[in-house]
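Residue strings, one per chain:
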Amino acid sequence: MTQREIPTYCRICEPLCGLIATVEDGKLVRLRADKEHPLSLGNACPKGIAFTEIQNDPDRVLYPLRRITGDSGRASTAAGGDSGTAGFERVSWAEALDDIGARLRAIISAHGRESLGWYFGNPSSFSYSHTLWLVGFQLAAGLRHMYSAGSQDINNRFVASELLYGSLTSVPVPDLERTDFLLMLGANPVVSHGSAMSMPRIREKLTAITKRGGRVVVVDPRRTETARLFEHVGVRPDSDAWLLAALLQVIFAEGLADVQALRRQAAGVRELRDAVSRFTPEATAVVTGLEPDRVRALARDLARAGSAAVYGRTGTCLGRHATLVAFLIDALALVTGNLDAPGGSVFGKELVAVSKLNARLGLIGYGKNRSRIGDFPDVLGTFPAAVMAQEITTPGPGQLRALFTSAGNPVSSVPNGRELFSALAQLDLFVSIDLYMNETNRMADYILPATTFLERDDLPLPFTALSPTPYTQYTERVLEPYGEAREEWRIIDDIATRIGVQPFVIGPEAAGGLLSRLRGLPGGRNVRPTPKVLADLAIRTGPYGDLFGLRRGGLSLRMLRRHPRGVVLADAVTTGVLREVVQHKDKRVNLAPGEILAELHGLETPEVDPVYPLRVIGMRELKSHNSWMHNSELLMRGDRTHAARINPKDAAVAGISEGVRCRVSSAHGSIEVTARLTEDMTEGTVAIPHGWGHSGGWQRANAAGGANVNDLMSSDIADVERLAGMSNLNGVPIRLDPLPAG
Ligand SMILES: Nc1nc2c(c(=O)[nH]1)N[C@H]1C(S)=C(S)[C@@H](COP(=O)(O)OP(=O)(O)OC[C@H]3O[C@@H](n4cnc5c(=O)[nH]c(N)nc54)[C@H](O)[C@@H]3O)O[C@H]1N2
Ligand SMILES: Nc1nc2c(c(=O)[nH]1)N[C@H]1C(S)=C(S)[C@@H](COP(=O)(O)OP(=O)(O)OC[C@H]3O[C@@H](n4cnc5c(=O)[nH]c(N)nc54)[C@H](O)[C@@H]3O)O[C@H]1N2
Ligand code: SF4
Ligand SMILES: [Mo]
């Protein structure tokens, strides 16, 4: 027996902590934090360590599975049988792929390629080969029905960047190592470990700010694990637009704006100032619930800080004004002179020049297409996942008839999960690529087994630009795939070729070019590169690349293989790069796009519905990861129940006491959860984690109970945010009712 210890990194969440995998006879024995990793330095969270249990989970899908024909269990596989995959039978890869191919060809000849669709979930963003091949397939096949977790997560952030900078994928990060003042809205990095910001040991990085005399201010309706360590501003849910507009109002009105920065960097200053002028701290207090003096002081302190970064994450992305809020976050940084400045909100350099390339080639962007249902603009080629169910159930040209999901569980993660669940039954073909049978793909015709991140090579392509300390790491696969698991890109390629599509073809004249879109030229002179070859090409020609030898010390896969713990690329993000980031003709940040002025103009004090007097928001827990880590014993040990966090006063009004089961209802649905009373909640707000209420092949997860909070959420097109198609998952009106005991 030979034990090997192999350095790699965790791909569950964004800090990408260094791990050491102990492998014996092709099996994973254990994962531990890598002390020699240059940034995570021996830090890893319980989920990273517990991934061993996911890797070795007997409930994992390891062979292609086909729905047993005639099985009405499309809706009733829950908790069935002693295996995690009741209702399905094992088939060979060839059988599965050939049948999928034949059925796709039939659907295409009857209804065209526009009837095909794909939803890709969160874990896909941690696999370069998966995302690369998906985009390749999408472009080569002209797929329109593309959906992702992005409309429940971050697409508003991208659209804000498109409006501000003319560059969809340019997202500033807080310069944590140098900032004197971090204003953080709707983020809880002590638990989430940071998002749209890749930084291991995030808690330490945050406390370092206050240790060196700086400030961290956390704007959140819940006094979170992060807020507890710093200054907490207990804002009402979905009122960030009012708060940010008020901060800008004070800064403009009191002459605190950085005039030089505005002159150098911005266009539309006067229009923005006019548009926010009615949002005084006094006028907005009824919406935000905040003392005007406190808002005024915050504005002054922020403007006067030596340096300040403004950062917002999912808590600011899932309200009704998500794009506006993301826009105002950067506007505030700019107006205070902190955009693209040391210690401020800074733009990291991309590992691969995707933003520039995309600006030039316009391959995928914003609003190039509109959705059939709701007329929403696409964001990076994807439509709001909230309308996916209606796209399946609404007849007419372009109806969605064949759906693929990869690394996603939309029944659990998108609004109105029940509607989507029943819509899935109408599909002519539903194929899922996953590690498990989950709440969504238990409805599939085929579940195809994917490799885990330990069973594939990887390069964290999108994360370098989001690292306050620029960094990258390449890892080879640590394990041979268990069972018959395959990498997503291979599966995508096998499906694509069966309908006559080749995701990537490099023609002779494109040698040295990258991500070539060329279709197959006659004569067989074309090359079908692997993701590895493409990735190597892309990083070598990228901003940090070795330019095939022209830049000494530059990156290539070969160079990265020599540094299995990764490479720190710079001490800090380079500032003074705004003119390169901005793609608008005048090279200025547009502070007054029409869409944003209209949003500001339309902001009205929301009405309170006496039937649903409270508001529900989301929260994340240290030992959960969206919907997919509830099958790990290590993580589920102890008192893990799905609980709503309720302010004791609200509980008293509803007649609910600590630990009892209660009913949470919205205008769209209702669920039952356990009540947990806590002063951490601001009055009027209830927090409930998503990703619970299991009925897949993961047996421990099924037994854990809980409910799908997204059954409370609306998929009506009127409830989907207009500019980026964001689902409204935070600040949704609800009521609480006691349940009879027992
Ligand atoms: N342990 C753990 N870590 C995770 C995940 C996980 O499931 N578990 N998921 C990963 C993923 S996919 C992501 S995208 C990131 C997300 O990373 P974060 O956004 O940092 O994570 P959350 O804990 O959801 O933090 C959102 C915060 O917004 C607050 N909030 C809700 N509504 C509002 C509002 O209207 N205004 C304001 N100002 N705040 C509001 C919530 O109370 C919550 O504290 O986390 C990642 N990391
Ligand atoms: N109410 C509410 N809803 C939310 C949120 C919220 O804050 N509140 N947050 C939203 C956010 S930020 C996100 S990102 C979404 C997540 O939404 P989704 O991505 O749809 O759901 P996940 O729970 O992440 O499910 C991931 C699936 O991928 C599988 N998987 C894991 N690793 C791999 C892999 O390497 N390959 C493959 N093929 N499969 C893999 C898992 O088994 C699981 O089935 O949820 C969103 N939904
Ligand atoms: S913080 Fe995220 S990346 Fe680090 S070990 Fe935990 S799950 Fe993995
Ligand atoms: Mo996410």
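In this text the structure is predicted, and so the values were computed from the model without any measurement.

Reading the values: rules and limits
Residues numbered from 1 in each chain as written. Chains lettered and ligands numbered in written order. Predicted model: local features only at pLDDT ≥ 70, side-chain atom pairs only at ≥ 80, totals over all residues. Heavy atoms only, no water. Helix = DSSP H or I, 4+ residues; strand = E, 2+ residues; numbered from the N terminus. Rg over C-alpha atoms; globule rule 2.2 N^0.38 Å. Contact = heavy atoms within 4.5 Å. Areas by Shrake-Rupley, 256 points an atom, 1.4 Å probe, with all protein chains shown as cover. Lys, Arg positive; Asp, Glu negative; His and termini not counted. Charge placed at Lys NZ, Arg CZ, Asp CG, Glu CD. Axes fitted to C-alpha atoms, helices over the stretch in contact; angles between N-to-C directions. Parallel < 35°, antiparallel > 145°, perpendicular 65-115°, else oblique. Left-handed = near helix turned anticlockwise from the far one by under 90°. Nonpolar A, V, L, I, M, F, W, Y, C, P; charged D, E, K, R; others polar. Near = heavy atom within 4 Å. Domains from an automatic or database assignment. Buried area = accessible area lost by both parts, 1.4 Å probe. Salt bridge = Lys/Arg side-chain N within 4 Å of Asp/Glu carboxyl O. Polar contact = N/O pair within 3.5 Å; in protein donor to acceptor, adjacent residues only side chain to side chain. Buried < 20%, exposed > 50% of the residue type's maximum accessible area, 1.4 Å probe, protein only. Arc of directions from axis to C-beta. Pairing = 2+ DSSP bridges. Phe/Tyr/Trp six-rings, centres within 6.5 Å; stacked < 30°, edge-to-face > 60°. Lys NZ or Arg CZ within 6 Å of the ring centre and 35° of its normal.

(A) Quick peek at the overall build of the chain. Helix and strand counts for the chain come out as 24 helices and 28 strands. On C-alpha atoms alone, the chain measures out to a radius of gyration of 25 Å, which is about the 27 Å that the 2.2 N^0.38 rule sets for 742 residues. Overall, the C-alpha framework of the chain stretches about 70 × 70 × 60 Å when taken along its three principal axes. Long-range contacts, defined as pairs at least 24 residues apart, comprise 74% of the intrachain contacts of the chain with a sequence gap of at least 6. Total accessible area on the chain is roughly 27100 Å²; 51% of this is exposed by carbon and sulfur atoms. Measuring between centres, the 82 positive side-chain charges of the chain sit 5 Å from its 81 negative side-chain charges.

(B) Fine view of unusual backbone geometry. Phi angles above zero are rare outside glycine, and L41 is one such case at about 45°. The topology assignment puts L41 in the loop between β3 (27-33) and α1 (46-55). You will see that L547, though not glycine, has its phi angle at about 50°, which is positive. In this structure, L547 sits in the loop between α18 (531-540) and α19 (557-561).

(C) Geometry of the environment of C10. One can find C10 in the loop between β1 (3-9) and β2 (18-24). Through-space distance from the C-alpha of C10 to that of V732 is 34 Å; in sequence the pair is 722 residues apart. With residues up to four places along the chain from it excluded, the contact list for C10 reads L16, C17, L19, G48 and F453.

(D) Representation of the packing of helix α3 (residues 128-141) against helix α17 (residues 488-498) within the structure. Direction vectors running N to C along α3 and α17 enclose 20°, while the axes themselves pass 8 Å from each other. Here α3 lies roughly parallel to α17, going by the angle between them. The chirality of how α3 crosses α17 is left-handed. Counting all contacts with α3, which are made through S129, H130, W133, L134 and F137, the residues of α17 involved are E488, W489, I492, D493 and A496. Split by residue class, the contact of α3 with α17 holds 6 nonpolar, 2 polar and 2 charged.

(E) Spotlight on the site of ligand 3. Lining the immediate environment of ligand 3, one finds C10, I12, C13, P15, L16, C17, A44, C45, K47, G48 and H193. Tallied by class, residues from the shell around ligand 3 come to 8 nonpolar, 2 polar and 1 charged.

(F) Representation of the domain arrangement of the chain. Splitting the chain by domain gives domain 1 (3-55), domain 2 (65-153 + 363-545), domain 3 (156-350 + 577-602) and domain 4 (614-738). Listed by partner, the interface residues are 23 residues for domain 1 and 20 residues for domain 2. The largest per-residue losses of area from domain 1 upon contact with domain 2 belong to Y9, R11 and Q55, which jointly make up 37% of the total buried on that side. Counting across the domain 1 and domain 2 interface gives 1 salt bridge. The shortest N-O distance in the salt bridge between D458 and R11 comes to 3.1 Å. Summed over the shared surface of domain 1 and domain 2, the result is 8 residue pairs in polar contact (both at pLDDT 80 or more).

(G) Inspection of the pattern of salt bridges at higher detail. Taken as a whole, this structure holds 44 salt bridges when the rule is applied. Between R201 and E204 there is a salt bridge; the shortest N-O distance is 2.9 Å. Judged by its relative accessible area of 43%, E204 is partly exposed. D301 is paired through a salt bridge with R215; the nearest N and O atoms lie 2.7 Å apart. Of this pair, D301 sits in helix α11 (residues 292-304) while R215 sits in strand β10 (residues 215-219), placing them 86 residues apart in sequence. Via salt bridges that share partners, E254, E282, R296 and R300 belong to a single interconnected network.

(H) Spotlight on helix α9 (residues 269-276). Looking only at α9, the buried set comprises V269, L272, A275 and V276. Buried positions in α9, seen along its axis, are confined to an arc of 130° and lie on one side of it. The secondary structure elements touched by the buried residues of α9 are α7 (240-253), α8 (259-265), β12 (266-267), α12 (322-335) and α21 (594-602).

(I) The arrangement of the sheet that holds strand β26 (residues 670-677) in detail. What the 6 strands build is a closed barrel, ordered β23-β27-β24-β26-β25-β28; its pairing is mixed. Neighbour-to-neighbour, the strand axes of this sheet turn through a mean angle of 45°, independent of strand direction.

(J) Geometry of the site of ligand 1. Ligand 1 sits among 30 residues. The nearest are D220, D238, D240, T314 and S624. The contact in question runs from a nitrogen atom of ligand 1 to an N or O atom on the side chain of K47, over 3.2 Å. Taking D240, its side chain carries an N or O atom lying 2.7 Å from a nitrogen atom of ligand 1. Relative to its unbound accessible area of 910 Å², ligand 1 is 97% covered by the protein chains. Here the residues of the shell around ligand 1 sort into 8 nonpolar, 13 polar and 9 charged. Each of domain 3 (156-350 + 577-602) and domain 4 (614-738) gives at least three residues to the shell around ligand 1.

(K) Focus on the packing of aromatic side chains. The full count for this structure, using the stated rule, is 9 aromatic pairs. Note on F51 and W628: the rings are 6.3 Å apart at their centroids and 85° apart in plane angle, and the pair reads as edge-to-face. Taken as a pair, F51 in helix α1 and W628 in the loop between β23 (614-617) and α22 (633-636) lie far apart in primary sequence, 577 residues in all. Since its relative accessible area comes to 1%, F51 is described here as buried. Each residue in the set F51, F453 and W628 is aromatic and connected to the rest through ring pairs, giving one cluster. Above the face of the Y482 ring, K27 is positioned so that its terminal group lies 3.7 Å from the ring centre.

(L) Representation of the environment of L134 in the model. With respect to the helices, strands and loops of the structure, L134 is situated in helix α3. In this structure, the C-alpha to C-alpha distance between L134 and S124, residues 10 residues apart in sequence, is 9.7 Å. Discounting chain neighbours no more than four positions away, the residues touching L134 are W118, F120, M146, S406 and I492.

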